[in-house]
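Here's the letter readout for the chains.
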Amino acid sequence: MFDFLDLERYDLFGVFWTTIQLTVYSAIGSLIWGTILAGMRVSPVPIMRGFATVYVNLLRNTPLTLIIVFCSLGLNQTLGVTMFTDGDPEPTNFRLAVLGFIVYTATFVCEAIRSGINTVPVGQAEAARAIGLPFTQVLGTIVLPQAFRAVIAPLANVLIALTKNTTVAAAIGVAEASLLMKEMIENEAQTIPIALVFAFGFIILTLPMGLFLGWVANRMAVKR
Amino acid sequence: MSDAALIKKPQDVAPLAEDLVVLSDVNKHYGALHVLQDINLTIKRGEVVVVIGPSGSGKSTLCRTINRLETIDSGTITIDEKPLPEEGRQLARLRAEVGMVFQSFNLFAHKTVLENVMLGPIKVRRENKTEVEARARDLLTRVGVGNQCDKYPAQLSGGQQQRVAIARALAMKPKVMLFDEPTSALDPEMINEVLEVMRTLAEEGMTMVVVTHEMGFARSAANRVVFMADGRIVEEADPHQFFDNPQSDRARDFLSKILAH
């Protein structure tokens, strides 16, 4: 039944490796950018708050496929952005896809962290201000560390969604898992077993991620 | 505990007859509610001022305006002859010189007791870590929680947490300490251990503004009692005079309600 699994012909591990790389780079980028956005959304500066609010509401309500396709057609082919490559489509498309995922996923990271900020009692920030910490340090040393611990579980959801969303990169020709799946289905006429293999591949990636982060969330919880 | 010195250098807080905190014509509204009405109050260096009054009289708000945790609508507040800055770094610098102790302790929940006390001097004053740690341990010992250094706030009793909070404020070597109902969230048997620390501090010459319902503390430790009602300072007097012979009807009424039992 699984005789279509010809690893000589189909680089199954290679494409999942690409999926993992897409996920890891995008996750790191969107965590950083999402945290900055969350900081802007609670900052006392109206322009920053306004920018972050508009950004988040615009980007999270735009279909991901549209963003990824725009990265390729708009940024690359129209504006000539090559993401620091020599124009070779292979790394360029990969990096454009990562950019698209960061831009999109950061909005969800931002909103998760913002909900975490709301779980930190006002008194914590007041005490920090009272000993003379400026806003950035109140946020960085007191509020965000507690907010992060409160949102590890919701962030795990964002991460799992991101892992599965990387399949959209196939739309601009990045050789990740779903692109190979499409090719195999066309070649092998074994739709259901092939789909099962790929579904299983994604579960192997996401299930431990969810379990591990759930365990971390429990361990790191701030006791009040 | 009372014989141990909480502050090392008494000359830092030498009782110069000098105005340290001056509030003049301070007004504040919460929407339609006029919470602070034409407040004029001067606190001299080394003085212990206790603010009492019924709930909702504006005494906590008054306390919080002094380090601008609450903004004011009109009037001026100066600390050491410098007016309170509006926002930003200068305000942060001023707050570093004003210690604050809250009703709900507000110890940083994700940091140990020792880290709580060390955070300000290291992050705000950029002092040497080894020296700060020695000072923090010393302060914690003086307030009687020296053996709890590596615990997290949630593992301590309320009275212990509040004493850590006092040590955290003292670590910044403040010019004045603000206490916003420091014992109101405590179980009765823990109130005394906190008041004892505060009394020691007062005896050592720390300038203190204390909002409290502890009349015993007001009577024994205060240089002056400020009685507030409905957003106004109704009466200001020496504690003995205030408790034994209040001048205003509002104060007599208040005292008759709380001292009847």
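Because the structure is a prediction, the values reported are computed rather than measured.

1. With respect to the overall build of chain B
1) Next: Of regular secondary structure, chain B possesses nine helices and ten strands.
2) Next: The globule rule puts the C-alpha radius of gyration for 261 residues at 18 Å, and the 18 Å found for chain B is close to it.
3) Next: Taken over the C-alpha atoms alone, chain B extends approximately 55 × 45 × 35 Å along its principal axes.
4) Next: Across the 261 residues that make up chain B, the buried fraction comes to 57%.
5) Next: When contacts within chain B are restricted to residue pairs at least 6 apart in sequence, long-range pairs at least 24 apart make up 68% of them.
6) Next: Surface accessibility of chain B: about 11,300 Å² in total, with carbon and sulfur atoms responsible for 47%.
7) Next: The distance from the centre of the 32 positive side-chain charges to the centre of the 36 negative ones in chain B is 6 Å.

2. Quick word on the sheet that holds strand β2 (residues 33-44) of chain B
Residues and elements named next belong to chain B.
1) Next: Spatial ordering of the open sheet is given by β2-β1-β4-β5, a layout of four strands whose pairing is antiparallel. Looking at strand neighbours, the two that pair on one side only are β2 and β5 (82-83), the edges of this open sheet.
2) Next: Where strand β1 (residues 19-30) lies against β2, eight bridges are found, and the strand directions are antiparallel. Bridging from a neighbouring strand, Leu23 pairs with Leu41 of β2.

3. Details of the interface of chain B and chain A
1) Next: On the chain A side, the residues contacting the 25 residues of chain B number 21 residues.
2) Next: Carbon and sulfur atoms supply 61% of the area that chain B and chain A bury against each other, a total of about 1,900 Å² over both sides.
3) Next: The interface formed by chain B and chain A includes one salt bridge.
4) Next: Across the salt bridge formed by Arg64 of chain B and Glu126 of chain A, the nearest N and O atoms sit 2.5 Å from each other.
5) Next: Along the contact surface separating chain B from chain A lie six residue pairs in polar contact (both at pLDDT 80 or more).
6) Next: Of all elements in the fold, only α2 (88-96), β6 (98-101) and α3 (113-123) of chain B reach the threshold of two or more residues within the side of chain B that touches chain A.
7) Next: With four residues, the single largest contributor to the side of chain B that touches chain A is α2 of chain B.
8) Next: Classifying every residue of the side of chain B that touches chain A gives 13 nonpolar, four polar and eight charged.

4. With respect to unusual backbone geometry
1) Next: A positive phi angle, close to 55°, is found at Ala189 of chain A, a residue other than glycine.
2) Next: Summarising the element assignment, Ala189 of chain A is placed in the loop between α8 (177-188) and α9 (191-220).
3) Next: The phi dihedral of Lys173 of chain B falls on the positive side, at around 50°, and the residue is not glycine.
4) Next: Of note, Lys173 of chain B is situated in the loop between α5 (158-170) and β7 (176-180).
5) Next: Taking the relative accessible area as the measure of exposure, Lys173 of chain B reaches 51% and is therefore exposed.

5. Considering a positive patch on the surface
1) Next: Together, Arg89, Arg93, Lys123 and Arg126 of chain B line one region of the surface with positive charge.
2) Next: Looking at where Arg89 of chain B falls in the secondary structure, it is placed in helix α2.

6. Here we look at the pairing of strand β4 (residues 74-79) of chain B
For a regular strand, side-chain orientation follows a simple rule: the groups alternate between the two sheet faces.
All names here are of chain B.
1) Next: Note: β1 against β4, five bridges, orientation antiparallel. Directly across from Asn27, in β4, lies its bridge partner Ser74.
2) Next: Between β4 and β5, which pair antiparallel in sequence order, lie two residues; one of them, Asp80, sits at a positive phi of approximately 55°.

7. Here we look at the pattern of salt bridges
A side chain of one charge can pair with a side chain of the opposite charge if their charged atoms are brought near each other.
1) Next: This structure, assessed with the given rule, holds 25 salt bridges over all chains.
2) Next: Close ionic contact of Glu111 of chain A with Arg41 of chain A constitutes a salt bridge, the shortest N to O distance being 2.8 Å. A residue pair is termed long-range when its members are at least 10 positions apart, and Glu111 of chain A in helix α4 (residues 89-119) and Arg41 of chain A in helix α1 (residues 12-41) qualify at 70 residues.
3) Next: When its relative accessible area of 15% is taken as the criterion, Arg41 of chain A is described as buried.
4) Next: Asp249 of chain B serves as the salt-bridge partner of Arg252 of chain B, at 2.6 Å between the closest nitrogen and oxygen. Residue Arg252 of chain B and its partner Asp249 of chain B are both found in helix α9 (residues 249-258); the two are separated by three residues, about one turn of the helix.
5) Next: We classify Asp249 of chain B as exposed; its relative accessible area is 58%.
6) Next: In the salt-bridge network here, residues are joined through shared partners; they are Glu18, Arg45, Asp80, Glu97 and Lys175 of chain B.

8. Section: the environment of Val45 of chain A
Residues and elements named next belong to chain A.
1) Next: Within the secondary structure, Val45 sits in the loop between α1 and α2 (46-60).
2) Next: What makes Val45 partly exposed here is its relative accessible area of 38%.
3) Next: Distance from Val45 to Asn157, taken between C-alpha atoms, is 30 Å for residues 112 residues apart in sequence.

9. Some remarks on the confidence of the model for chain A
1) Next: Looking at chain A, the pLDDT average stands at 92 and 100% of residues meet or exceed 70.
2) Next: Taken element by element, chain A is modelled with least confidence in α8 of chain A, mean pLDDT 89, and with most confidence in α2 of chain A, mean pLDDT 96.

10. Describing the sheet that holds strand β8 (residues 207-211) of chain B
In any sheet, the strands associate via hydrogen bonds between backbone groups, in a parallel or an antiparallel arrangement.
Residue and element names in this part refer to chain B.
1) Next: Strand order in this open sheet of six strands is β6-β7-β8-β3-β9-β10, and the pairing throughout is mixed. Edge positions in the sheet fall to β6 and β10 (232-237), since each has one partner strand and no second. Averaged over all adjacent pairs, the angle separating strand axes in this sheet is 20°, with direction ignored.
2) Next: Of the pairings in the sheet, the one linking strand β3 (residues 48-52) to strand β9 (residues 224-229) comprises four bridges and is parallel in character. Residue Val50 lies in a different strand from β9, and its bridge partner there is Val225.
3) Next: Against the sheet, α9 contacts β3, β9 and β10, and its axis sits at roughly 95° relative to β9.

Reading the values: rules and limits
- Residues numbered from 1 in each chain as written.
- Chains lettered and ligands numbered in written order.
- Predicted model: local features only at pLDDT ≥ 70, side-chain atom pairs only at ≥ 80, totals over all residues.
- Heavy atoms only, no water.
- Helix = DSSP H or I, 4+ residues; strand = E, 2+ residues; numbered from the N terminus.
- Rg over C-alpha atoms; globule rule 2.2 N^0.38 Å.
- Buried < 20%, exposed > 50% of the residue type's maximum accessible area, 1.4 Å probe, protein only.
- Contact = heavy atoms within 4.5 Å.
- Areas by Shrake-Rupley, 256 points an atom, 1.4 Å probe, with all protein chains shown as cover.
- Lys, Arg positive; Asp, Glu negative; His and termini not counted.
- Charge placed at Lys NZ, Arg CZ, Asp CG, Glu CD.
- Pairing = 2+ DSSP bridges.
- Buried area = accessible area lost by both parts, 1.4 Å probe.
- Salt bridge = Lys/Arg side-chain N within 4 Å of Asp/Glu carboxyl O.
- Polar contact = N/O pair within 3.5 Å; in protein donor to acceptor, adjacent residues only side chain to side chain.
- Nonpolar A, V, L, I, M, F, W, Y, C, P; charged D, E, K, R; others polar.
- Patch = residues over 30% accessible without salt bridge, like charges linked within 9 Å, V, L, I, M, F, W, Y side chains within 5 Å.
- pLDDT = per-residue confidence, 0-100.
- Axes fitted to C-alpha atoms, helices over the stretch in contact; angles between N-to-C directions.

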